[in-house]
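Architecture and fold: a report
The primary structure of each chain is shown beneath.
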Amino acid sequence: MAKSREFKTEIRQLLDLMIHSLYSNRDIFLRELVANAADAIDKARFESLTRPELVRDWAIRIVPDKAAGTLTVSDNGIGMTEEEVIDNIGTIAKSGTRAFLKMLEERGDQAGNIPEMIGQFGVGFYSAFMVASKVELVTKKSGSDAPAVLWSSSGEGRFTTEPADRTEPGTEIKLHLRPECAEYLDSWKISGIIRKYSDYIEYPIIMPEVKVNEDKSETVTDKVLNSQKAIWLRRPSEVTEDEYKSFYSHISNYGGTEYLKAIHLSAEGASEFKALLFLPKQAPFNLLLPEIQKRGLQLYVKRVFITDECKQLIPDYLRFVCGVVDSSDLPLNVSREILQDNPLLAKIEKAVTGKILSELKKLLETDRKSYDQFFGEFGKILKEGIHTDFTNAEKLKDLVMYESMNSEPGKFITLDEYVKAMPESQKEIYYITGDKRESVASSPALEYFRKQGYDVLFMTDPIDDWIMQSMFQYRKKNFKSVDKGDFEVDGAREKLENAAKQYAALVEFFKKEFADSVGEVRFSIRLTDSPCCLITEGNAMSPHLERLFRAMHQQIPVSKRIFELNPEHPLIAALNAEAEKDAASPRLKQYARVLYDQALLAEGSPLPDPAAFAKAVTELLVNGLK
Ligand code: ADP
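Residues numbered from 1 in each chain as written. Predicted model: local features only at pLDDT ≥ 70, side-chain atom pairs only at ≥ 80, totals over all residues. Heavy atoms only, no water.

1. Remarks on the packing of helix α20 (residues 570-581) against helix α21 (residues 586-602)
The interhelical angle for the contact between α20 and α21, taken along N-to-C directions, is 145°, at an axis separation of 10 Å. The hand of the α20/α21 crossing is left-handed. In this structure, α20 uses L571, L575, E578 and A579 to contact α21, whose residues at the interface are R587, L588, Y591 and L595. Taken together, the residues of the contact of α20 with α21 sort by class into 6 nonpolar, no polar and 2 charged. (Axes fitted to C-alpha atoms, helices over the stretch in contact; angles between N-to-C directions. Helix = DSSP H or I, 4+ residues; strand = E, 2+ residues; numbered from the N terminus. Left-handed = near helix turned anticlockwise from the far one by under 90°. Contact = heavy atoms within 4.5 Å. Nonpolar A, V, L, I, M, F, W, Y, C, P; charged D, E, K, R; others polar.)

2. What about the environment of Q473?
Inspection of the secondary structure assignment puts Q473 in strand β19 (residues 473-474). For the pair Q473 and F523, spaced 50 residues apart in the sequence, the C-alpha separation amounts to 28 Å. For Q473, the side chain forms a polar contact with the side chain of N478, separated by 2.9 Å. (Polar contact = N/O pair within 3.5 Å; in protein donor to acceptor, adjacent residues only side chain to side chain.)

3. A short note on the sheet that holds strand β4 (residues 132-140)
Strand order in this open sheet of 9 strands is β1-β6-β5-β4-β7-β3-β2-β8-β9, and the pairing throughout is mixed. One side of each edge strand has no neighbouring strand; the edge strands of this open sheet are β1 (3-6) and β9 (218-224). Here the strands of the sheet are splayed against their neighbours by 20° on average, with no regard to which way each runs. Here 6 bridges tie strand β3 (residues 70-75) to strand β7 (residues 170-177), and the two strands are oriented antiparallel to one another. Looking at β7, one finds that D75 is bridged to T171. Helix-sheet contacts for helix α2 (residues 28-48) involve β2 (60-65), β3, β7 and β8 (205-212), and the interaxial angle to β3 is about 25°. Strand contacts of helix α3 (residues 82-91): β1, β4, β5 (149-153) and β6 (158-163), with the helix running at about 165° to β6, the strand carrying the most contacts. (Pairing = 2+ DSSP bridges.)

4. Let's talk about the pairing of strand β20 (residues 477-481)
Where strand β17 (residues 429-433) meets β20, 3 bridges bridge the pair, whose relative direction is parallel. Within the sheet, the bridge partner assigned to Y431 lies in β20 and is S481. By the bridge criterion, 2 bridges tie β19 to β20 in an arrangement that is antiparallel. Residue pairing in the sheet places Q473 in a bridge with N478 of β20.

In short, geometric facts, not functional conclusions.
Set out below in structure tokens:
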């Protein structure tokens with residue numbers, strides 16, 4: 001005899017909405033039922049650990065029946081007793097039910113992506129009513145004598161239970177599909193949904209495949225729809241190189257099967273998750289484009305796919321990393337809203353970041369060739385972290401590399417290597433920014449350092465200027481740009497003051513001559529071979545950075561430069577004599593123009609008037625030969 005019962009009020013409301021209001025993305029009902037089936041098998045398998053007689057060939061079956069218009073999802077998992085069915089499905093509303101209803105109410109007709117969120121409220125089973133006019137569930141509890149039970153409902157207020165004759169433990173859910181949902185009987189539709197959402201479910205998801213033979217008879221074979229390859233859950237020693245490769249090509253943002261390193265991460269305790277991350281070998285040509293910048297990691301919850309671009313799991317400066325995070329703490333089917341600022345995701349991000357940085361450090365220390373290759377491809381992105389991730393900035397400083405004045409072109413050194421090679425007299429870390437090695441390498445601002453035997457880091461990435469704003473110190477040593485701001489050397493002050501007095505006429509002349517572009521004319525110890533150079537105020541933008549901003553059509557005020565003179569250079573003394581004689585001499589003007597333009601050329605800046613420069617140089621050459 002069938003017993004009829006009423007659904008709990010909230011559930012009745014919920015079902016009413018499922019049936020009458022939710023039409024978008026109905027596909028997820030199958031994900032929910034498969035996830036429930038996998039959970040049920042998880043429980044049965046756990047029980048079988050202590051009761052080996054309960055072990056069976058764990059599987060989930062999906063059987064479409066076009067003639068009957070039904071879709072059946074069954075598992076051989078834990079099953080339920082009659083009492084459990086009544087409680088679980090129908091009379092005891094989960095605490096999430098009310099929350100779900102409230103949200104539906106608040107959203108009103110904007111309930112578009114709400115089906116996505118069903119699982120998160122622990123009401124996934126009821127999503128069956130989005131596609132079914134009637135649901136029949138037959139279940140038998142595993143490892144117990146309790147008889148099987150048939151639960152049945154059309155979702156309209158009441159459900160019935162009655163004894164059933166199933167003898168196998170497990171649960172079978174038969175959906176009588178509504179006519180407009182007949183597409184869920186198509187095998188391509190079913191396999192598509194499974195591949196999308198449930199590919200990595202640990203148990204085989206089987207669907208019978210019917211083949212019509214030549215003699216019109218039919219052969220039915222079982223087809224496994226999911227790859228089951230949750231390789232992130234396996235021990236690294238159990239995963240073959242080929243499996244890594246095929247998985248990498250499956251999830252890689254860049255295509256190809258070549259990766260540099262596969263990193264497994266398994267966190268237990270407060271937050272439990274597993275991750276499999278890949279450092280790619282090669283950057284795609286469009287690495288710096290925004291599409292690539294928006295990538296994240298794939299997120300699974302208990303092997304069920306949630307989203308493939310979860311940005312919250314990894315900081316932007318590691319966006320070249322691809323991989324999977326599988327959390328067992330997040331509710332299944334978390335919504336994007338919930339992902340937004342979920343503290344659990346923040347914790348995972350922290351662990352993922354720490355792991356990647358420590359693996360990179362290891363790579364740097366044990367396989368320099370690979371690290372050099374990695375850094376060549378992705379270094380410019382990794383560096384961003386120094387500016388954006390304050391907590392990990394120190395670790396990142398250990399990982400960045402630069403060319404330097406004393407290293408051969410193309411060879412990169414770490415800050416650690418730089419500091420270790422510093423002579424005792426050197427107190428700061430020197431660097432110069434510019435757009436390429438050739439132009440910074442010939443900067444007159446390097447002369448003093450070359451003579452002292454100090455090295456200077458060459459920062460030639462467009463982003464270096466920006467990052468240096470947060471670099472501050474490394475191993476308690478300050479960073480100092482060789483072509484910026486004041487430059488003091490013990491005992492030099494007096495010499496410079498004397499030069500300023502001695503050559504006052506020339507300084508005066510330059511000040512007037514370059515009033516538009518130069519804010520200060522002064523003497524400096526910085527130069528040894530060149531007569532002069534242009535320097536930037538300590539906190540002003542470098543000319544290189546200014547050019548970059550202008551190239552991006554940004555309005556940048558012109559900052560006045562400092563014109564520095566070499567007190568030891570014979571040209572300075574000679575020009576000063578000329579200035580003392582006649583500050584309005586055309587020859588003096590010509591020399592000034594050439595000197596200033598040379599200083600621009602030396603730092604790789606374009607000349608304001610190249611033709612005028614060429615003319616002035618030619619005239620000076622002619623005069624020299626006379
Ligand atoms: P959730 O799975 O989030 O708990 P559901 O509404 O999907 O919420 O399911 C309600 C409950 O019904 C589950 O917690 C489980 O106890 C039971 N249940 C659902 N499907 C099955 C199944 N295939 N086998 C055993 N129990 C199930």
